[in-house]
Amino acid sequence: MGVFDRVEKKLENAVSGAFARAFKGDVQPVEITARLQRELDSEAKLLSRDRKLVPNDFRVSLSSHDYDRLTPYSKTLNSEIGPQLREYASDAGYIFNGPVTIDYVLDASLPVGRFTVTSSAVAGVDADAEAGPSEIRAGNLVVEVNGVRHPLTPPGLTVGRGTEADLRINDPGVSRLHARINVVGTGAGQQLSIEDLGSTNGVTVDGQRTRQATLALGSRIEIGSTRLAITSPVSDV
C-alpha cells in the first residue's frame, strides 16, 4: 500500500458515519488531501541532488456551502492530513521550512464542490525578542521576517539556521551561521549593514548578490528562500 493509499484509508476512517454524510455530494476531505499532495509535487524546488523544498503553509478556498460544512471539522481533518503529508514528503525526499499549516477560507465566487489551493514555503523563525516599546520610543529600525519584527540594537545580531544564531531561521537554504546585521547607534543616527559569514547560498540585498552591504529603511534581504525586510516598528514600508 502506497503513502497516498494510506492517507485515503485513514481519512475514510476519520470521516466515517455522520461526519462522512455531512460531506456527501460536497468537497471531500480525500480530494483536499490529493490536491495538497499534488501541490507538493508541483511546487518542489531543488536544493541539492537529493533534497527539494516544498510548501508548508496551505490556504484552501471553498464555496460558501462547502466552507460552512467543512470548517467545523477542520481541526480533525488537519490532525489527519498534516501527518500524512509529512510522511509523503519524507518518502519523496521533500523538506519543509517549518510546521505544516492548513487554513480554510471562504471564496463566495466558487461553486459548490469546487475548491482552490494556494501555498508558500514559510520558514519557522526563532529569536530572543521581538520589537518592544523601548525600540519604538528610540525610533530604532527593525528586521521583519514572516510578519514578525525583531529589534535592531547595537552591536547587531547574527542570522542563521543553527542554535548559535541570534535570529534562527528554519530554512534548509540558510547556513547554520549565515550573516550578521551590524548596528551602530540608535534612533535617527542608527547605521545598519549586513555581511555574509561565509554562507553556502549567499546574501541578496535589493536584488543584488553581495558579501557586504549598507542597509536602510526599506532594504529587502534574501537568504535561502526566506525574505527579510528592514522596516519601522510603527509603520509599514
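Predicted model only: the values in this text are computed from it and were never measured. (Residues numbered from 1 in each chain as written. Predicted model: local features only at pLDDT ≥ 70, side-chain atom pairs only at ≥ 80, totals over all residues. Heavy atoms only, no water.)

**Looking at the sheet that holds strand β3 (residues 57-62)**
Picture the strands of a sheet paired through backbone hydrogen bonds; they go either parallel or antiparallel. Strand order across the open sheet formed by three strands is β5-β3-β6, with mixed pairing between neighbours. Unpaired on one side and paired on the other, β5 (101-106) and β6 (115-120) mark the two borders of the sheet. Neighbour-to-neighbour, the strand axes of this sheet turn through a mean angle of 20 degrees, independent of strand direction. In the sheet, β3 pairs with β6 via six bridges, with the strands oriented antiparallel. Looking at β6, one finds that Phe58 is bridged to Ser119. On the sheet, helix α5 (residues 74-92) packs against β3 and β5 and is oriented at approximately 140 degrees with respect to β5. (Pairing = 2+ DSSP bridges. Helix = DSSP H or I, 4+ residues; strand = E, 2+ residues; numbered from the N terminus. Axes fitted to C-alpha atoms, helices over the stretch in contact; angles between N-to-C directions. Contact = heavy atoms within 4.5 Å.)

**Thoughts on the side chain of Thr204**
Position of Thr204 among the secondary structure elements: in strand β14 (residues 203-205). Apart from residues no more than four positions distant in its own chain, Thr204 is found in contact with Arg209, Arg220, Ile221 and Glu222.

**Quick notes on helix α3 (residues 29-43)**
For α3, which comprises 15 residues, the first-to-last C-alpha distance of 21 Å matches the rise-based estimate of 21 Å (1.5 Å per residue) to within 8%. Turning to α3, its buried residues are Pro29, Ile32, Thr33, Ala34, Leu36, Gln37, Glu39 and Leu40. (Expected span 1.5 Å × (residues − 1). Buried < 20%, exposed > 50% of the residue type's maximum accessible area, 1.4 Å probe, protein only.)

**Overview of the pairing of β3**
The sheet contact formed by β3 and β5 spans six bridges and is parallel. Across the sheet, the residue bridging to Ser61 is Val105, located in β5.

**A closer look at the pattern of salt bridges**
Per the counting criterion, the structure on display carries six salt bridges. Residue Glu195 pairs with Arg180 through a salt bridge whose shortest N-O separation is 3.3 Å. Taken together, the positions of Glu195 in strand β13 (residues 191-196) and Arg180 in strand β12 (residues 179-184) put the pair 15 residues apart, joining distant regions of the chain. With a closest N to O distance of 3.2 Å, Arg211 and Asp196 form a salt bridge. Taken together, the positions of Arg211 in the loop between β15 (208-210) and β16 (212-215) and Asp196 in strand β13 put the pair 15 residues apart, joining distant regions of the chain. (Salt bridge = Lys/Arg side-chain N within 4 Å of Asp/Glu carboxyl O.)

**Notes on the nonpolar core**
Judged by nonpolar contacts, the single largest core of 23 residues is most densely connected at Ile181, Ile194 and Ile221. The element that contributes the greatest number of residues to this core is β12, accounting for three residues. By size, the runner-up hydrophobic cluster in this structure holds 21 residues, among which are Val27, Leu36, Leu85 and Ala89. (Core = buried A, V, L, I, M, F, W, Y, C linked by side-chain atoms within 4.5 Å.)

**Some thoughts on the confidence of the model for the chain**
Taken as a whole, the chain shows an average pLDDT of 82; of its residues, 81% reach a score of 70 or greater. Counting interchain partners and residues more than four positions distant, the pLDDT-below-50 stretch residues 15-20 has seven contacts. (pLDDT = per-residue confidence, 0-100.)

**Concerning α5**
Compared with an ideal rise of 1.5 Å per residue, which puts 19 residues at 27 Å, α5 spans 26 Å between its outermost C-alpha atoms and is within 8% of the ideal. If you check which residues of α5 are buried, you get Leu77, Ile81, Gly82, Gln84, Leu85, Tyr88 and Ala89.

**Some details on the environment of Glu43**
The topology assignment puts Glu43 in helix α3. Distance from Glu43 to Ser120, taken between C-alpha atoms, is 8.7 Å for residues 77 residues apart in sequence. Non-local contacts of Glu43, meaning those with residues more than four positions away in its chain, are made with Leu53, Pro55 and Ser119.

**Details of the environment of Val112**
Structurally, the position occupied by Val112 is in the loop between β5 and β6. Taking the C-alpha atoms as reference points, Val112 and Ser63, separated by 49 residues in sequence, lie 5.6 Å from one another. Here Val112 is in contact with Asp26, Ser63, His65 and Asp66, once residues within four sequence places are set aside.

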